Amino acid sequence: MIKLRVSRILLCVVFLTFIACDNESEVDDTTDDQVSMQDDDTTGEDNDDDTTGDDDNSDDDTTDDTTSIALEQISSEITIVDGTAVQGLPPQPNGSLDFQIATEDQSAYLGTGFLITVSSDDTPTGAYILFKDANGNAAESYFDVNFAAEKSAKRLGLRGKHATTSQTAKMVDNQFIEVAFTQNMPTGNFCYDICLYDNANNISQIVTRCVTVDEWGGDTNITGNWLFDRELENGIVLSNDAGETTVACNAGGSITVLEEMIEKDDWFLSLQPGGDYYEEYDFLSYDLDVDKTAADCEAAYLTTEIAYKDRYIGKWSYNASGLTIVDFAYEDLNDSANNETFESGELYFYEVDAEIIDGELVLSETVSFEGEAVTYQAIFKPVE
């Protein structure tokens, strides 16, 4: 349910002459060859830029020191969900495991963090991640991330809170690594080296990516109050009606009726200047009374209503990577006992496309379900 996007702001040069995934005390010629191979096969960067080993050229191309987050802060303010910190450098890659990463250099978000999206044609069981500052200086420990750990359900992307089809029940092909920040993480830039491993001790080549921690807010064209109008899947408008079911009538024959009678299904989204956001879901429906429907051979619904009115409060950011929204609080407007706060934020929209078309806010994302690319669009009308 996460937008996989290959267009990123390039804010620092990948330092592939520094070997991150190596448990040896010295970097040997074999490792140098692996770095060159990684340049050719995985990064898509120019080899002339990445493999010269010229310190002066590297300094010219990297992010300025004034925007590089200090290595001490990177080490103390970053954690990884399902990751264990290990002193030293990761084991040496042997290049025998397929590794694909969805992102080029990417954005991260204050008080929250970012996602690393990886996939493989093989069967990796984890990843090694080593963080560095924007000038290539590496932390003294790395993270060993376990893919087998049980993941909590996440509301990521357009399909998260307001899904209307069974498509979300399918497995997503990618593995998402959640990198979390403390509240003390500042804006600025840093990088990380990542490689995958499997149960047979095969270790992939190294990929290096750099990250920009952004302020909240962004493009003022998308600010305002918006009411959900319609949803498209691969350009086809999806119906918000409840599903149908067939009931056998007691007197013979059958009748096809709606499974629930929906009286209200509103999704309100407010993107406020400066990066604040909130949204509300207002839903009211009645379940089908199967017994009465069968007795009368006519659709009948229970008098007990199914209703919820939810509000999510948080922050939004928009840049060349897309629109990201992070929830920091949830309010049940029918029962405040269910209210929650999320100290480190809960990623909701993650770098989805956002644009104004004919006065409407159009949010778009392309996701992969079982190897099939599906494009969703949620379209909102302005609210005065």
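**Section: the overall build of the protein**
Then, number 1: What the protein contains, in helices and strands, is five helices and 22 strands.
Then, number 2: Taking all 384 residues of the protein together, the buried fraction comes to 47%.

**Looking at the packing of aromatic side chains**
Then, number 1: Going through the model one piece at a time under the given rule, you end up with 21 aromatic pairs.
Then, number 2: A centroid spacing of 5.9 Å and a plane angle of 65° characterise the contact between Phe-131 and Phe-190, whose relative ring orientation is edge-to-face. Within this pair, whereas Phe-131 is found in strand 6 (residues 126-133), its partner Phe-190 is found in strand 9 (residues 188-197), the two being separated by 59 residues in sequence.
Then, number 3: The class for Phe-131 is buried, based on a relative accessible area of 4%.
Then, number 4: With a relative accessible area of 0%, Phe-190 lands in the buried category.
Then, number 5: With a centroid separation of 6.2 Å and 65° between ring planes, the pair formed by Phe-131 and Tyr-192 is classed as edge-to-face. Here Tyr-192 lies in strand 9 and Phe-131 lies in strand 6, a separation of 61 residues in the sequence.
Then, number 6: Take Tyr-192: its relative accessible area is 0%, and that puts it in the buried class.
Then, number 7: The rings of Phe-114, Phe-131, Phe-143, Phe-181, Phe-190 and Tyr-192 are connected pair by pair, giving a single aromatic cluster.

**Let's talk about the confidence of the model for the protein**
Then, number 1: Per-residue confidence for the protein averages 79 on the pLDDT scale, and 76% of its residues sit at or above 70.
Then, number 2: Below pLDDT 50 for its whole length, residues 152-156 participates in 16 contacts with residues either more than four positions away or in separate chains.

**Some points on the state of the cysteines**
Then, number 1: Per the counting criterion, the structure on display carries two disulfides.
Then, number 2: The disulfide bridge from Cys-191 ends at Cys-210, spanning 2.1 Å between sulfur atoms. Taking the sign of the S-S torsion, 90° for the link of Cys-191 and Cys-210, the bridge is right-handed. Here the residue Cys-191 occupies a position in strand 9, and Cys-210 occupies one in strand 10 (residues 207-214), the gap between them amounting to 19 residues. Just as Cys-191 is buried, Cys-210 falls in that class too.
Then, number 3: With its sulfur 2.0 Å from that of its partner, Cys-249 forms a disulfide with Cys-297. What sets the handedness of the Cys-249 and Cys-297 disulfide is the S-S torsion sign, and at about 70° it is right-handed. Placement of the pair is Cys-249 in the loop between strand 13 (244-248) and strand 14 (254-258) and Cys-297 in the loop between helix 5 (290-296) and strand 17 (301-319), with a sequence separation of 48 residues.
Then, number 4: With relative accessibility at 7%, the residue Cys-249 sits in the buried group.

**Concerning unusual backbone geometry**
Then, number 1: In this model, Glu-351 sits at a positive phi of 55°, which is unusual for a non-glycine residue.
Then, number 2: Along the polypeptide, Glu-351 turns up in the loop between strand 19 (340-347) and strand 20 (353-357).
Then, number 3: For Glu-351, a relative accessible area of 0% gives the class buried.

**A word on the side chain of Gln-106**
Then, number 1: Here Gln-106 is to be found in strand 4 (residues 106-109).
Then, number 2: For Gln-106, a relative accessible area of 2% corresponds to the buried category.
Then, number 3: There is a polar contact of 2.8 Å between the side chain of Gln-106 and the backbone oxygen of Leu-115.

**Some words on the nonpolar core**
Then, number 1: Grouped together as the largest cluster of nonpolar side chains are 35 residues, with contacts concentrated most on Phe-114, Ile-116, Phe-131, Ile-177, Phe-190 and Ile-194.
Then, number 2: Elements supplying a minimum of two residues to this core: strand 1 (78-80), strand 4, strand 5 (113-119), strand 6, strand 7 (141-146), strand 8 (175-181), strand 9 and strand 10.
Then, number 3: Counting residues in each nonpolar core, the second largest holds 22 residues, with Trp-267, Leu-271, Leu-363 and Phe-380 among its members.

**A few points about the environment of Lys-292**
Then, number 1: When you line up the elements, Lys-292 lands in helix 5.
Then, number 2: In the structure, Lys-292 is positioned ten residues away from Leu-302 in sequence and 9.2 Å away in space, judged by C-alpha atoms.
Then, number 3: Those residues within four positions of Lys-292 in sequence are excluded, and the remaining contacts are Cys-297, Glu-298 and Ala-300.

**So, the pattern of salt bridges**
A side chain of one charge can pair with a side chain of the opposite charge if their charged atoms are brought near each other.
Then, number 1: As enumerated under the stated definition, the model contains nine salt bridges in all.
Then, number 2: Here the residues in one salt-bridge network are Asp-229, Arg-230, Glu-360 and Lys-381, joined through shared partners.

**Focus: the environment of Val-207**
Then, number 1: Examined against the element boundaries, Val-207 turns out to sit in strand 10.
Then, number 2: When the C-alpha positions of Val-207 and Cys-195 are compared, they lie 6.4 Å apart, and in sequence the two are twelve residues distant.

Calculation criteria
Residues numbered from 1 in each chain as written. Predicted model: local features only at pLDDT ≥ 70, side-chain atom pairs only at ≥ 80, totals over all residues. Heavy atoms only, no water. Helix = DSSP H or I, 4+ residues; strand = E, 2+ residues; numbered from the N terminus. Buried < 20%, exposed > 50% of the residue type's maximum accessible area, 1.4 Å probe, protein only. Phe/Tyr/Trp six-rings, centres within 6.5 Å; stacked < 30°, edge-to-face > 60°. pLDDT = per-residue confidence, 0-100. Contact = heavy atoms within 4.5 Å. Disulfide = S-S within 2.5 Å. Polar contact = N/O pair within 3.5 Å; in protein donor to acceptor, adjacent residues only side chain to side chain. Core = buried A, V, L, I, M, F, W, Y, C linked by side-chain atoms within 4.5 Å. Salt bridge = Lys/Arg side-chain N within 4 Å of Asp/Glu carboxyl O.

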